[in-house]
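Notes for the structure review
Here is what each chain is made of, one letter per residue.
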Amino acid sequence: MCWFGVGGSADVLFIPADVEDLQDFLLKVGSSVPITVIGVGSNLLIRDNGIRGVVIRLGAGFNYIKRKEHRVIAGAAVLDLNVAQYCLEYAISGLEFLAGIPGTIGGALYMNAGAYHSDISNILIEAKAINLQGKLKVFKKSDLGYKYRSNGLSESWIFIEGSFQGQQGEYNIIDHNIKNIQNSRLSIQPIKSKTGGSTFKNPPGLPAWKLIDEAGCRGLRIGGAEVSTQHCNFFINSNSATASDLEKLIKEVRNRVLEKTGVLLEPEVKIIGEDA
């Protein structure tokens with residue numbers, strides 16, 4: 001369930017059938033049980049000793065897309081790419097950038113995901129979420145305190161749905177934009193490898209890949225983990241990497257960049273689970 005293809009097991013995996021099933025579970029499970037929510041694991045590194053408590057992954061009951069004119073409503077389990085393709089079908093523009101984001105709408109809502117000069121905060125109208133006590137709340141965009149690749153919520157919420165504002169567009173132009181994004185990703189990113197996407201957030205005004213390259217880390221390896229030679233901000237499981245290999249590589253690159261450039265990179269890949 002992690003695109004790196006590494007990591008240990010969860011104690012319990014719960015895939016709720018629908019919103020009511022999720023709320024019922026959260027009300028009954030008790031606060032003493034640790035809860036971890038994951039999407040499709042596209043930007044996630046799970047440590048080798050796995051995850052204690054319950055892992056929640058939203059299933060088919062949260063995988064839907066609908067529209068009201070140019071307003072697009074998507075469940076949290078929908079792949080970002082599928083929303084872009086849905087918008088193409090109905091000639092709704094403004095959401096093409098989602099074709100460049102691996103992962104689900106739930107993850108995108110949580111981290112204000114973005115690519116190709118746009119992000120979730122630019123298109124979001126409102127989001128529905130449930131807290132760990134089972135309470136459902138509708139958040140306006142202004143409630144979420146979005147910043148670069150993060151939100152400002154003070155407690156844990158499980159996003160279950162997002163409503164997004166598009167505009168009337170032309171099919172051919174939208175199709176062209178989506179294909180350009182997909183071709184760009186294919187040419188500059190190792191998307192056919194076992195990778196977790198962008199490893200580090202871009203510091204203000206600086207591309208992280210360039211700092212990594214300047215620090216001499218292109219192609220750097222620890223065990224089976226490697227800094228991609230195609231795109232330095234993508235780390236890959238080149239063959240038989242462990243989660244520990246990847247985490248060590250992340251720390252080593254971060255230290256080398258700091259020593260070389262004075263910039264402390266902040267991970268974008270989320271690292272979770274038990275230390276070895």
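Residues numbered from 1 in each chain as written. Predicted model: local features only at pLDDT ≥ 70, side-chain atom pairs only at ≥ 80, totals over all residues. Heavy atoms only, no water.

**Quick look at the sheet that holds strand S1 (residues 10-14)**
- Pairing in this open sheet of three strands is parallel, and the strands run S1-S4-S2 from one edge to the other. On the outer flanks of this sheet lie S1 and strand S2 (35-38), each paired with one strand and no other. Here the average twist between neighbouring strands, direction ignored, is 30 degrees.
- On the sheet, helix H1 (residues 19-29) packs against S1, S2 and strand S4 (51-57) and is oriented at approximately 160 degrees with respect to S4. (Pairing = 2+ DSSP bridges. Helix = DSSP H or I, 4+ residues; strand = E, 2+ residues; numbered from the N terminus. Axes fitted to C-alpha atoms, helices over the stretch in contact; angles between N-to-C directions. Contact = heavy atoms within 4.5 Å.)

**Description of the domain arrangement of the protein**
- If you check the domain split of the protein, you get domain 1 (10-60), domain 2 (62-174) and domain 3 (192-272).
- Taking the mean C-alpha position of each, domain 2 and domain 3 sit 27 Å from one another.
- Taken together, the two surfaces of domain 2 and domain 3 that pack against each other cover about 370 Å², and 50% of this comes from carbon and sulfur.
- Our enumeration of links across domain 2 and domain 3 arrives at zero salt bridges. (Domains from an automatic or database assignment. Buried area = accessible area lost by both parts, 1.4 Å probe. Salt bridge = Lys/Arg side-chain N within 4 Å of Asp/Glu carboxyl O.)

**Description of the nonpolar core**
- In this structure, Val83, Leu95, Leu98, Leu109, Ile120, Leu124 and Phe164 are the most contacted members of the largest nonpolar core, which totals 35 residues.
- Elements with a minimum of two residues in this core: strand S6 (71-75), helix H2 (80-89), helix H3 (105-111), helix H4 (120-123), strand S10 (124-131), strand S12 (157-165) and helix H5 (171-188).
- Of all the elements, H2 adds the most residues to this core, at five residues.
- In this structure Val83 touches Ile65, Val72, Ala74, Val78, Leu95, Leu98 and Ile105, once residues within four positions along its chain are discounted.
- If you look at the next biggest cluster of nonpolar residues, it comprises 31 residues, including Ile46, Phe200, Ala225 and Phe235. (Core = buried A, V, L, I, M, F, W, Y, C linked by side-chain atoms within 4.5 Å. Buried < 20%, exposed > 50% of the residue type's maximum accessible area, 1.4 Å probe, protein only.)

**Some details on the pattern of salt bridges**
- Under the criterion given, the structure shown has twelve salt bridges.
- Here Lys201 and Glu266 are joined by a salt bridge, their closest N and O atoms 3.0 Å apart. Within this pair, whereas Lys201 is found in the loop between strand S14 (194-198) and helix H6 (208-214), its partner Glu266 is found in the loop between helix H7 (243-261) and strand S18 (270-272), the two being separated by 65 residues in sequence.
- On the basis of relative accessible area, Glu266 is assigned to the partly exposed category, the value being 45%.
- With a shortest N-O distance of 2.7 Å, Glu252 and Arg256 are connected by a salt bridge. Of this pair, Glu252 and Arg256 both sit in helix H7, four residues apart, which is roughly one turn of that helix.
- Of the residues examined, Glu252 reaches a relative accessible area of 29% and is grouped as partly exposed.

**Some words on the UniProt feature "active site" (unreviewed entry) in the protein**
- Annotation from UniProt places "active site" (unreviewed entry) at Arg149, Ser198 and Glu268. A maximum C-alpha distance of 11.3 Å places the annotated residues, which cover 120 residues in sequence, within one compact spot.
- Along the chain, Ser198 falls in strand S14.
- The contacts of Ser198, once residues within four sequence positions are left out, are Asn43, Asn233, Phe234, Glu268 and Val269.
- Its location among the elements puts Glu268 in the loop between H7 and S18.
- Once you skip the residues sitting within four places of it in the chain, Glu268 turns out to touch Asn43, Met111, Tyr148, Arg149, Ser198, Thr199, Phe200 and Lys201. (UniProt positions renumbered as here; feature names shortened; annotations may be inferred.)

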